[in-house]
Amino acid sequence: MIHIGIETLEAQDVVALLEEHLADMHATSPPESVHALDVTALKAANITFYSARQNGQLLGCAAIKALGEGQAELKSMRTTPAARQQGVGARLLTHVLEEARARGYHTVYLETGSMAFFEPARRLYARFGFEYCGPFGSYRLDPNSCFMRLCLGES
């Protein structure tokens, strides 16, 4: 059984997964287009970080960042290589969106890469109803980024 819960960002396996995530982002995107957060940034008060585990084994992670005015941003969606193509990303996304609704958010945004490397992520988000939109928050138009949003409805 997969357990998804709030993670403190102290576990070494989580830190290693986030470091792998950042390394991939830097390998696939120019530095000015990398918007992934490191462990320190993910500890901000307006971010809740979740991990998915099965029998203690880390399968993936995701975070939600409160933006204010009923809006949030999905951050740091990642599954371990061994857990890919097994529905872990969909389970994490379902959980985070349920949490967003419970917190009264009406819109969830995300930024992801425009390159082929990010196509599986974009397909997952589209399957959940995310639609392409323009830049939000402090993001600027960037040919290396795709911006998406999901309207959850008014609370």
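Every value quoted in this text rests on a predicted model; they were computed, and no experiment measured them.

Some points on the packing of aromatic side chains
Going through the model one piece at a time under the given rule, you end up with six aromatic pairs. With centroids separated by 5.1 Å and ring planes inclined at 80°, the aromatic side chains of Phe117 and Phe118 adopt a geometry described as edge-to-face. Phe117 sits in the partly exposed class, given a relative accessible area of 43%. Residue class for Phe118 comes out buried when judged on its relative accessible area of 7%.

Side note on the nonpolar core
In terms of nonpolar packing, the biggest core is built from 27 residues, with Leu74, Met77, Leu93, Tyr125 and Phe130 touching the most fellow members. Residue assignment for this core shows that the elements contributing at least two residues are β1 (2-6), β2 (47-54), β3 (57-68), β4 (71-79), α3 (88-102), β5 (107-113), α4 (119-127) and β7 (145-151). No other element matches α3, which puts seven residues into this core. If sequence neighbours within four positions are ignored, Tyr125 has contacts with Leu74, Met77, Leu93, Leu110, Thr112, Phe130 and Met148. Membership of the second largest hydrophobic core comes to 13 residues, among which are Val14, Val15, Leu17 and Val39.

Structural notes on the sheet that holds β5
The seven strands lie next to each other as β1-β2-β3-β4-β5-β7-β6, forming an open sheet whose pairing is mixed. Both edges of this open sheet fall to β1 and β6 (131-133), since each of them pairs with a single strand only. Averaged over all pairs of adjacent strands, the angle between strand axes in this sheet comes to 30°, irrespective of strand direction. Sheet strands in contact with helix α1 (residues 12-28) are β2, β3 and β4, and its direction is about 100° off that of β4.

Cut-offs applied
Residues numbered from 1 in each chain as written. Predicted model: local features only at pLDDT ≥ 70, side-chain atom pairs only at ≥ 80, totals over all residues. Heavy atoms only, no water. Phe/Tyr/Trp six-rings, centres within 6.5 Å; stacked < 30°, edge-to-face > 60°. Buried < 20%, exposed > 50% of the residue type's maximum accessible area, 1.4 Å probe, protein only. Core = buried A, V, L, I, M, F, W, Y, C linked by side-chain atoms within 4.5 Å. Helix = DSSP H or I, 4+ residues; strand = E, 2+ residues; numbered from the N terminus. Contact = heavy atoms within 4.5 Å. Pairing = 2+ DSSP bridges. Axes fitted to C-alpha atoms, helices over the stretch in contact; angles between N-to-C directions.

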